[in-house]
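Geometric and topological summary
Residues per chain are reported as follows:
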Amino acid sequence: MNSIEQVLVALRRVIRATDLHSKHLAKTTGLTAPQVLLLQAIRNKGEVTIGELANEVSLSQATVTNILDRLEKRGLYTGSALKQISAKCMPTLQKRLPKLCAMPPSHSKTSLLASLVT
């Protein structure tokens, strides 16, 4: 196998692992990987604009806005001032989310669910 084929196989393995982890995350927490990344970025950055969040998680500003709207509708996040790209605000994560955001991806299903309950 030449080096190009090795790289393609390695990329396929990474993509497959990412897909499996994303499905596990969605099944165990009810959140997608981009949602968790955004919640972690909000927790870590504090006062932030949508543009800064978009740059932090490598998503478009429109995608960040849509995800935040969905999270807000589910009651997982409040911070509607983020909808204005130039405005800064201090978004508020619900009490159960900081534990989830702090968890490494390797935690078991039980640990993830336990963090959501407390």
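The preceding data block contains the structure.
Please read these numbers as outputs of a predicted model, since none were measured by experiment.

**Quick word on the overall build of the protein**
From N to C terminus, the protein includes six helices and two strands. Burial statistics for the protein: of 118 residues in total, 32% are counted as buried. Within the protein, contacts between residues separated by at least 24 positions form 48% of all contacts whose residues are at least 6 apart in sequence. About 7,300 Å² of surface is accessible on the protein, with carbon and sulfur atoms providing 57% of the total.

**A look at the pattern of salt bridges**
Using the criterion set out here, one finds three salt bridges in the structure. Two residues, Asp-19 and Arg-16, come together in a salt bridge whose shortest N-O distance is 4.0 Å. With Asp-19 and Arg-16 both in helix α1 (residues 3-29) and three residues apart, the pair spans about one turn of that helix. Among the residues examined, Asp-19 registers a relative accessible area of 30% and is labelled partly exposed. A salt bridge links Lys-45 to Glu-56, with the shortest nitrogen-to-oxygen separation between them at 3.5 Å. You can see Lys-45 sitting in helix α2 (residues 33-45) and its partner Glu-56 sitting in helix α3 (residues 50-57), a full eleven residues away along the chain.

**Some words on the environment of Arg-70**
Inspection of the secondary structure puts Arg-70 in helix α4 (residues 61-73). Judged by its relative accessible area of 44%, Arg-70 falls in the partly exposed class. The sequence separation of Arg-70 and Gln-35 amounts to 35 residues, and the corresponding C-alpha distance is 9.2 Å.

**A closer look at α2**
For α2, which comprises 13 residues, the first-to-last C-alpha distance of 18 Å matches the rise-based estimate of 18 Å (1.5 Å per residue) to within 8%. Every buried residue of α2 is listed here: Gln-35, Val-36, Leu-38, Leu-39, Gln-40, Ala-41 and Ile-42. Immediately beyond the C-terminal end of α2, within one or two residues, lies Gly-46, with a positive phi of roughly 75°.

**A look at the packing of α2 against α4**
It is at 10 Å that the axes of α2 and α4 come closest, and there the two elements cross at 90°. In terms of axis orientation, α2 runs roughly perpendicular to α4. Along the contact surface, α2 presents Pro-34, Gln-35, Leu-38, Leu-39 and Ile-42, while α4 presents Val-64, Ile-67, Leu-68, Arg-70 and Leu-71. Grouping the constituent residues of the contact of α2 with α4 by class yields eight nonpolar, one polar and one charged.

**A look at the nonpolar core**
Core analysis: the biggest nonpolar cluster contains 18 residues, and Leu-31, Leu-38, Leu-53, Val-64, Leu-68, Leu-71 and Tyr-77 have the highest contact counts within it. Contributing elements (two or more residues each) for this core: α2, α3 and α4. Counting residues per element, this core draws most heavily on α2, which supplies five residues.

**Quick notes on the environment of Pro-34**
By the secondary structure assignment, Pro-34 is in helix α2. Separated by 33 residues in sequence, Pro-34 and Ile-67 place their C-alpha atoms 8.0 Å apart. When sequence neighbours within four positions are dropped, the list of residues in contact with Pro-34 reads Leu-59 and Ile-67.

About the cut-offs
Residues numbered from 1 in each chain as written. Predicted model: local features only at pLDDT ≥ 70, side-chain atom pairs only at ≥ 80, totals over all residues. Heavy atoms only, no water. Helix = DSSP H or I, 4+ residues; strand = E, 2+ residues; numbered from the N terminus. Buried < 20%, exposed > 50% of the residue type's maximum accessible area, 1.4 Å probe, protein only. Contact = heavy atoms within 4.5 Å. Areas by Shrake-Rupley, 256 points an atom, 1.4 Å probe, with all protein chains shown as cover. Salt bridge = Lys/Arg side-chain N within 4 Å of Asp/Glu carboxyl O. Expected span 1.5 Å × (residues − 1). Axes fitted to C-alpha atoms, helices over the stretch in contact; angles between N-to-C directions. Parallel < 35°, antiparallel > 145°, perpendicular 65-115°, else oblique. Nonpolar A, V, L, I, M, F, W, Y, C, P; charged D, E, K, R; others polar. Core = buried A, V, L, I, M, F, W, Y, C linked by side-chain atoms within 4.5 Å.

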